[in-house]
Amino acid sequence: VRHILADTSTSADWTDPTASVELLERQLPSSWAARRMGELEELSGARTVAISRNGVTFLPEESTVVQEGDTAWFAVDRDGVEHGGRVGAVTCAEA
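Residues numbered from 1 in each chain as written. Predicted model: local features only at pLDDT ≥ 70, side-chain atom pairs only at ≥ 80, totals over all residues. Heavy atoms only, no water.

*Asks:* Explanation requested: the overall build of the protein chain in the structure shown.
*Replies:* When helices and strands are counted, the protein chain shows two helices and seven strands. The N-to-C order of helical and strand elements in the protein chain reads β-β-β-α-β-β-β-α-β. Evaluated residue by residue, the protein chain yields a buried proportion of 35% over its 95 residues. Across the protein chain, every contact between residues at least 6 apart in sequence was considered, and the portion connecting residues at least 24 apart equals 65%. About 5600 Å² of surface is accessible on the protein chain, with carbon and sulfur atoms providing 49% of the total. (Helix = DSSP H or I, 4+ residues; strand = E, 2+ residues; numbered from the N terminus. Buried < 20%, exposed > 50% of the residue type's maximum accessible area, 1.4 Å probe, protein only. Contact = heavy atoms within 4.5 Å. Areas by Shrake-Rupley, 256 points an atom, 1.4 Å probe, with all protein chains shown as cover.)

Right under this line is the structure:
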C-alpha cells in the first residue's frame, strides 16, 4: 500500500492567502497506471488540477487514465490534510 497525497516529506507547492487550500505536486505511482483520475479523486476528496505527461501538461477529465510516469497537481483542503482527513488516508494498492 502506498500513500500518495499524505507525503509529508515535501510542503505544499502553493497555499492560498487564507491557508485554506493547498496545491500539491505528486508523482503518481506506477501501480495507478490504467486507473481513472476520477477514482483517485473519489478516494481522496482532492481535485486533480493538472497532469504532466511526456512533457505536456493538460487539464484532466474524470475519465483520464493514469499512465506510468505521470505527475499530477492536486488542490486539497488544508483542514483535511492537517487533521488526517480523507486526503491523508489515500492509499493505492499494488496493481
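Next comes the rest of the write-up.
*Asks:* Would you explain unusual backbone geometry in this entry?
*Replies:* Most peptide bonds take the trans configuration, and most residues that are not glycine carry a negative phi. Residue alanine 19 is not a glycine yet carries a positive backbone phi of 60°. Position of alanine 19 among the secondary structure elements: in the loop between strand 2 (14-15) and strand 3 (21-27). The phi dihedral of alanine 34 is positive, around 80°, even though this residue is not glycine.

*Asks:* Before we go on, may I ask you to explain the pattern of salt bridges in this structure?
*Replies:* Where charged atoms from two side chains of opposite charge come close, those side chains can pair. Per the counting criterion, the structure on display carries three salt bridges. Between glutamate 39 and arginine 35 there is a salt bridge whose closest N-O contact spans 2.9 Å. Look at glutamate 39 and you get partly exposed, because its relative accessible area is 25%. For arginine 35, a relative accessible area of 24% corresponds to the partly exposed category. The partner of arginine 36 in a salt bridge is glutamate 42, with the nearest N and O atoms 3.8 Å apart. Relative accessible area serves as the criterion here: at 36%, arginine 36 is assigned to the partly exposed category. (Salt bridge = Lys/Arg side-chain N within 4 Å of Asp/Glu carboxyl O.)

*Asks:* Just checking my understanding: could you explain the nonpolar core for this structure?
*Replies:* Core analysis: the biggest nonpolar cluster contains eleven residues, these being Leu24, Leu28, Trp32, Met37, Leu40, Ala46, Ile51, Val66, Ala72, Phe74 and Val76. Listing elements by their share of this core, those giving two or more residues are helix 1 (37-44) and strand 6 (71-77). Take this core: its biggest share by element is three residues, from strand 6. (Core = buried A, V, L, I, M, F, W, Y, C linked by side-chain atoms within 4.5 Å.)

*Asks:* Is there a simple way to explain the pairing of strand 3 in this structure?
*Replies:* Residues Glu22, Leu24 and Arg26 line the buried face of strand 3, whereas the alternating positions Val21, Leu23, Glu25 and Gln27 sit on a face that is not buried. Alignment of strand 2 against strand 3, held across two bridges, turns out to be antiparallel. Residue pairing for strand 3: threonine 15 is matched across the bridge by glutamate 22. Linking strand 2 back to strand 3 in an antiparallel pair, the connection comprises five residues, with alanine 19 at a positive phi of about 60°. Bridge count for strand 3 against strand 6 is seven bridges, and the pairing is antiparallel. Each residue of the ladder has a partner; that of glutamate 22, found in strand 6, is valine 76. (Pairing = 2+ DSSP bridges.)

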